[in-house]
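A structural walkthrough
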Amino acid sequence: MRTALSFIIVSLLSVFSAYSQNKPDVYKSIVKYLASDELAGREMGTEGEKLAGDFIATEFAKIGLEPKGEEGFFQEFSNKEKPHPHVTPEEMREVMPIMGRNVIGFLDNGAKTTIVVGAHYDHLGMGNHGSLHASKEKAIHNGADDNASGVAVMIQLAKTLSEKNITSNNFMFIAFSGEEKGLWGSKYYAENPTLDIEDLNFMINMDMVGRFEASKGLAIHGVGTSPIWVNTIEEIRPVALKVVLDSSGIGPSDHTSFYLQDMPVLHFFTGQHSDYHKPTDDFEKLNYKGMVLVHYVNYDI
């Protein structure tokens, strides 16, 4: 377990008045594009996923992040999807691999250690696998909350941090593909990091952060992965913000891949809903003011 976490209590505490200065429409414009029918659900290996990855790389470049993939901003990987649960090794040899890309940008502050901020940008495409859509007809699963919302917050967080003089840590922003296939992209990165894994301080994951409701609060998973997480969250939490804490570093999202590399993690989540993994998860249903709030809780940590 890494010990270089104590800086966070003092080095990144921001004034929450900044909340009112960050415009929800900026988040909305990012989600609207990523969750558009043009991208056809962003399933790994499709043209829609490629367009989404290109968009994120362009946003990283606008912010001034350094490309930190293996080819510019991109880290390519591939994997094979089982055609059915009881597939044999012989059958798997005939299955064609699916190609995907992580998108990686680096904010170099001249520090010895780096914080990883991640969000997955892939989704279910036409709902071939993983869909909870009751109809058997194929339909575009736009994935506005899952997880265009997390990508939008990550991009805005990168912009905010790039404008500050922070020297305690560098920041690595990673948009993962293949999450919906089984954390493929984050697992590949955690096993093939473009920075020495020992230089990575901790990982923050934002997955489904677009449906914030004050009564339900903000769920933060992984608080048991570092002894200081609970106290830190209590210190920076706005008094009116309800938080629901969970200790486990293991869950169905990309932080798991980093926790399995013995890294402290946090996963931010605004809750399950009836549109999960359905074609109805569209951009009009998101709480963009709530996404701004998630941004600034992350910024304070």
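Residues numbered from 1 in each chain as written. Predicted model: local features only at pLDDT ≥ 70, side-chain atom pairs only at ≥ 80, totals over all residues. Heavy atoms only, no water.

Some words on the pairing of strand E9 (residues 265-269)
On a regular strand, each side chain points to the face opposite its neighbour's, so the side chains alternate between the two faces of the sheet. Burial within E9 is extensive, with five of its five residues counted as buried. A two-sided burial pattern is seen for E9, the buried positions comprising Val265, His267 and Phe269 on one face and Leu266 and Phe268 on the other. Across four bridges, the pairing between strand E6 (residues 200-206) and E9 is parallel. Directly across from Ile204, in E9, lies its bridge partner Leu266. When strand E7 (residues 218-221) meets E9, the two strands line up antiparallel, connected through three bridges. The partner of Ile220 across the bridge, within E9, is Phe268. (Buried < 20%, exposed > 50% of the residue type's maximum accessible area, 1.4 Å probe, protein only. Helix = DSSP H or I, 4+ residues; strand = E, 2+ residues; numbered from the N terminus. Pairing = 2+ DSSP bridges.)

Section: the packing of aromatic side chains
One pass over the structure, following the stated rule, counts seven aromatic pairs. Between Phe60 and Phe73, the ring centres sit 6.2 Å apart and the planes meet at 55°, which makes this aromatic pair tilted. Taken together, the residues Phe60 in helix H3 (residues 47-63) and Phe73 in the loop between strand E1 (66-67) and strand E2 (74-79) connect sequence positions 13 residues apart. Taking the relative accessible area as the measure of exposure, Phe60 reaches 0% and is therefore buried. Phe73 gets classed as buried once you look at its relative accessible area, which sits at 12%. Ring pairing ties together the aromatic residues Phe176, Tyr189 and Phe258, which thus form one cluster. Lying across the ring of Phe74, Arg101 places its NZ or CZ 3.9 Å from the centre. (Phe/Tyr/Trp six-rings, centres within 6.5 Å; stacked < 30°, edge-to-face > 60°. Lys NZ or Arg CZ within 6 Å of the ring centre and 35° of its normal.)

Structural notes on H3
The terminal C-alpha atoms of H3 lie 25 Å apart, and with 17 residues this matches the ideal 24 Å at 1.5 Å per residue to within 8%. Among the residues making up H3, those that are buried are Gly48, Glu49, Ala52, Gly53, Phe55, Ile56, Ala57, Glu59, Phe60 and Ile63. Gly64, located one to two residues past H3, shows a positive phi value of around 100°. (Expected span 1.5 Å × (residues − 1).)

Section: the side chain of Thr113
Note on placement: Thr113 falls in the loop between strand E3 (98-107) and strand E4 (114-120). Leaving out residues up to four positions away in the same chain, Thr113 has contacts with Ser168, Asn169, Asn170, Asp199 and Asn201. (Contact = heavy atoms within 4.5 Å.)

Quick word on unusual backbone geometry
With an omega of 5°, the peptide bond running from Asp146 to Asn147 counts as cis. In this structure, Arg42 is a non-glycine residue whose phi angle is positive, near 55°. Its location among the elements puts Arg42 in the loop between helix H2 (24-34) and H3. A positive phi angle, near 60°, is found at Leu183, a position not held by glycine. You can call Leu183 buried: its relative accessible area is 14%.

What about the environment of Asp254?
Mapped onto the fold, Asp254 is located in the loop between strand E8 (243-246) and helix H9 (255-259). Through-space distance from the C-alpha of Asp254 to that of Gly182 is 9.1 Å; in sequence the pair is 72 residues apart. Leaving out residues up to four positions away in the same chain, Asp254 has contacts with His120, Phe176, Glu179, Leu183, Ser186, Met203 and Asn205. In terms of polar contacts, Asp254 uses its side chain to reach the side chain of Ser186, at 2.7 Å. (Polar contact = N/O pair within 3.5 Å; in protein donor to acceptor, adjacent residues only side chain to side chain.)

Topic: the environment of Gly150
The topology assignment puts Gly150 in helix H5 (residues 144-162). In the structure, Gly150 is positioned 57 residues away from Asp207 in sequence and 5.2 Å away in space, judged by C-alpha atoms. Contact partners of Gly150, with chain neighbours within four places excluded, come to Ala119, Met206 and Val209.

Observations regarding the nonpolar core
Counting 59 residues, the largest nonpolar core has Val31, Phe60, Val103, Phe173 and Phe268 as its most contacted members. Per element, the largest residue contribution to this core is 10 residues, and it comes from H5. Core analysis: the next-biggest nonpolar cluster, separate from the first, contains 14 residues, Ile104, Met172, Ile197 and Val265 among them. (Core = buried A, V, L, I, M, F, W, Y, C linked by side-chain atoms within 4.5 Å.)

Some thoughts on the pairing of E7
Summarising the sheet, E7 and E8 pair through four bridges and their orientation is parallel. Across the sheet, residue Ala219 finds its bridge partner in E8, namely Val244. The parallel pair E7 and E8 is bridged by helix H8 (residues 229-236), and the resulting crossover is right-handed. (Right-handed = clockwise from strand over helix to strand, strands pointing away.)

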